[in-house]
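# Chains, contacts and geometry: an overview
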Amino acid sequence: MQRTTTQTGLLYTIISNLRMFYEGSRLSYIALFHWLRPSTYLASKIIMPLNQILFFTFLGEFSGQNTRDFYVIGNAVQMAAISGIYGVTMSIGGDRWAGTLPYLFGAPSSRLVMFLGRAFFHILDGAVGVIFGLVLGVLVLGLDLSQADPLLLLLAIIAATISSSGLGLLLGSVSLVTVNVWFFNNTLYFLLLLFSGANIARDDMPAWMVAVGDILPLTRSIEAARRVAAGGSFDDISGLLTVEVLLGLFYASFGFTFFRWIEFQARRRGTIDRM
Amino acid sequence: MLQTTRQYTRTALMAAEVVLKEMAVDSFIMFTIVIQPLIIALLGLWMLRDRPDAAIYVVVGSGMSGLWSSMVFISGNSINAERWTGTLEMLVAMPTPLYVVTAGRNLAHVMQSLLSMIAAYAVASLFMGYALDIDHPLLFIPSLFFTVVAFISFGLIMAPIFILSPAVDQFKNGLEFPIFVLCGFLFPIALLPEWTTPFSYLLTPYWAARALHESAHGGGDVGVVLASWAILLLSTVIYVAVSRRLFRVILRRVREDGTLGLA
């Protein structure tokens, strides 16, 4: 009897956390784009990214350094960072701007579930954005994906969105204590264009640039996507994607630790209502 | 007449001075006019490293990208910025027209945006060792002047449009890269499909970029540069005329609606 009660309690906790995870992530995503409006979504998630792909692809073509496909794939996968960095940061920071953070800190729910939930829909949304970019590449820029295994490509895309969302969770936590988060977000986004290999082949980079790229998200998923497009198998990309996802989890756990520290400090100093 | 002109000039310059001070400590603005164009310049310089002759093209082009980003993200909100700081009501009530103050703000935005070109020039020249010579300085300097004037006047149109149509303001993220592409800031528009060329010709930044590129790096074809100047001048006249009408419309509307100070 005692065991059954414990199991029921555990089941209830799991269901409750899953519901909290789903509802929290869904509502924060809806709230973000309800506030931003469809025109902002269209501009930020479709027009800007697609034109960014065109811009860097034509610039790359002007340079004659690599093939057109190199730039299309690199910049399409880079689109994951729009949802991962900007979307996730705004979802977490939104609680501060909307004044709902004290209620979240006061809620008796799992912080981890609540925290990770803020990234969930952006991971899906980011994947859709990358697929949009690749479709544009095929239709407008003649990207050749005839050798690519769609499932492996999807794995590379999901890994890209997970790793960039991990960084977004960290930046989102930072946004709770700073007013300059957009400076960091924008700078990081553009640095990714420089260091991730989206536009410059890593073989052509000096060692210090390669080292910087190694600790940033997207570097390995861009490489994996290029290998898949060239007909690569799961074995060719599994190592890259494992490291990519682990890096995303590292950023997310660092972000979560920071989030808990902020909560602890706010409680200790009695400043929750002033955040 | 002379006294009025002097008063308006003084007001515009004072507005520019205040805005320059404000912007110097705004990290978002610093990103828009310095960091982003600089990263674009570094990317361009690295990608075009086998073509040292293209370095000045990248420097000028990245500067143009900073200028345009500043137009979209900063000048577009010139009037909104006064709303947010609670000074719009006072500006509207004073005898100097609002567009004079807005022109002063835009002057500050454009002048500060030129920092992006200077920063890219410094990086390419000092850190990457490119020999950056402007082929035709006597054409380049007037080209820069006409560009600045055209962009200031274009900002005069954007500010009221952002008020009249909030959808345009919300759409601004989508206004940046299409212009970089269509105006040939960092690569010739000949790379684009032919059907896009008429759209490029309709855009003032294209003519500004063309005049600057032609005088900095191109053959210095005087005909091309003069034609670009003429179009920039014509655009300026049209923008100023349209903006004065727009300013009248929005000021009448917000007074009728009682929404002057409402964001």
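Just above, that's the structure.
These lines cover the structure that appears in this document, whether it is placed above or below. In this text the structure is predicted, and so the values were computed from the model without any measurement.

## Here we look at the overall build of chain A
Each helix and strand in chain A was counted, giving ten helices and zero strands. Computed over the C-alpha atoms, the radius of gyration of chain A is 20 Å, within 12% of the 19 Å expected from 2.2 N^0.38 for a compact globule of 275 residues. The buried share of chain A, taken over its 275 residues, is 54%. Long-range pairs, those at least 24 residues apart, make up 77% of the contacts in chain A with a sequence separation of at least 6. Carbon and sulfur atoms provide 68% of the accessible area of chain A, an area that totals close to 12,300 Å². Here chain A carries 18 positive and 16 negative side-chain charges, and the mean point of each set is 17 Å from the other.

## Quick word on empty space enclosed by the protein
All names here are of chain A. In the structure shown here, the tally under the stated rule is four cavities of 30 Å³ or more. There is about 60 Å³ of room inside the largest cavity. Residue lining of the largest cavity: Ile92, Asp95, Leu101, Leu104, Met114, Phe115, Arg118 and Phe259, and that is the complete set. Those elements that place two or more of their residues in the lining of the largest cavity are helix 3 (80-97), helix 4 (101-106) and helix 5 (111-141). The dominant element in the lining of the largest cavity, judged by the number of residues it contributes, is helix 5, at three residues. Partitioned by chemical class, the residues of the lining of the largest cavity number six nonpolar, no polar and two charged. Roughly 40 Å³ of volume is contained in the second largest cavity. What lines the second largest cavity is simply Tyr41, Lys45, Ile46, Asp125, Val128, Gly129 and Phe132. Contributions of two or more residues to the lining of the second largest cavity are made by helix 1 (2-63) and helix 5. For the lining of the second largest cavity, the element with the highest residue contribution is helix 5, accounting for four residues. Broken down by class, the residue content of the lining of the second largest cavity amounts to four nonpolar, one polar and two charged.

## Here we look at the environment of B:Gly44
Summarising the element assignment, B:Gly44 is placed in helix 2 (residues 27-47). Each C-alpha atom, one on B:Gly44 and one on B:Leu202, is 25 Å from the other, the two residues being 158 residues apart in sequence. When residues no more than four places from it in sequence are discounted, the contact partners of B:Gly44 are A:Leu59 and B:Val58.

## Let's talk about the pattern of salt bridges
Within this structure, the stated rule accounts for nine salt bridges over all chains. Notably, a salt bridge pairs B:Arg49 with A:Asp204, separated by 3.1 Å at the nearest N-O pair. Placement of B:Arg49 in the loop between helix 2 and helix 3 (55-73) and of A:Asp204 in the loop between helix 7 (181-195) and helix 8 (207-214) is noted, with the two residues assigned to different chains. For A:Asp204, a relative accessible area of 33% corresponds to the partly exposed category. Through salt bridges with shared partners, a single network forms among A:Arg111, A:Arg260 and A:Glu263.

## Topic: the layout of surface pockets
Residue and element names in this part refer to chain A. One number sums up the size of the second largest pocket: a volume of about 520 Å³. Together, 26 residues line the second largest pocket, and Gly24, Leu27, Ser28, Asp95 and Arg118 are the ones closest to its centre. Elements that contribute at least two residues to the lining of the second largest pocket include exactly helix 1, helix 3 and helix 5. Counting residues per element, the lining of the second largest pocket draws most heavily on helix 1, at 13 residues.

## Side note on the interface of chain A and chain B
Counting from both sides, the interface comprises 33 residues of chain A and, opposite them, 31 residues of chain B. Both faces considered, chain A and chain B share a buried interface measuring about 3,200 Å² in area, 77% of it formed by carbon and sulfur atoms. Ranking the residues of chain A by area buried against chain B places A:Phe55, A:Phe62 and A:Phe190 at the top, with a combined share of 25%. Our enumeration of links across chain A and chain B arrives at one salt bridge. Broken down by secondary-structure element, the contributors of at least two residues to the side of chain A that touches chain B are helix 1 and helix 7 of chain A. The leading source of residues in the side of chain A that touches chain B is helix 1 of chain A, at 18 residues. Of the residues belonging to the side of chain A that touches chain B, the class tally is 19 nonpolar, twelve polar and two charged.

Reading the values: the criteria
Residues numbered from 1 in each chain as written. Chains lettered and ligands numbered in written order. Predicted model: local features only at pLDDT ≥ 70, side-chain atom pairs only at ≥ 80, totals over all residues. Heavy atoms only, no water. Helix = DSSP H or I, 4+ residues; strand = E, 2+ residues; numbered from the N terminus. Rg over C-alpha atoms; globule rule 2.2 N^0.38 Å. Buried < 20%, exposed > 50% of the residue type's maximum accessible area, 1.4 Å probe, protein only. Contact = heavy atoms within 4.5 Å. Areas by Shrake-Rupley, 256 points an atom, 1.4 Å probe, with all protein chains shown as cover. Lys, Arg positive; Asp, Glu negative; His and termini not counted. Charge placed at Lys NZ, Arg CZ, Asp CG, Glu CD. 1 Å grid on protein atoms, 1.4 Å probe; cavity = no way out; pocket = protein on both sides within 12 Å on 5 of 7 lines; lining within 4 Å. Points joined across faces, edges and corners; volume = space filled by probe spheres on them. Nonpolar A, V, L, I, M, F, W, Y, C, P; charged D, E, K, R; others polar. Salt bridge = Lys/Arg side-chain N within 4 Å of Asp/Glu carboxyl O. Buried area = accessible area lost by both parts, 1.4 Å probe.

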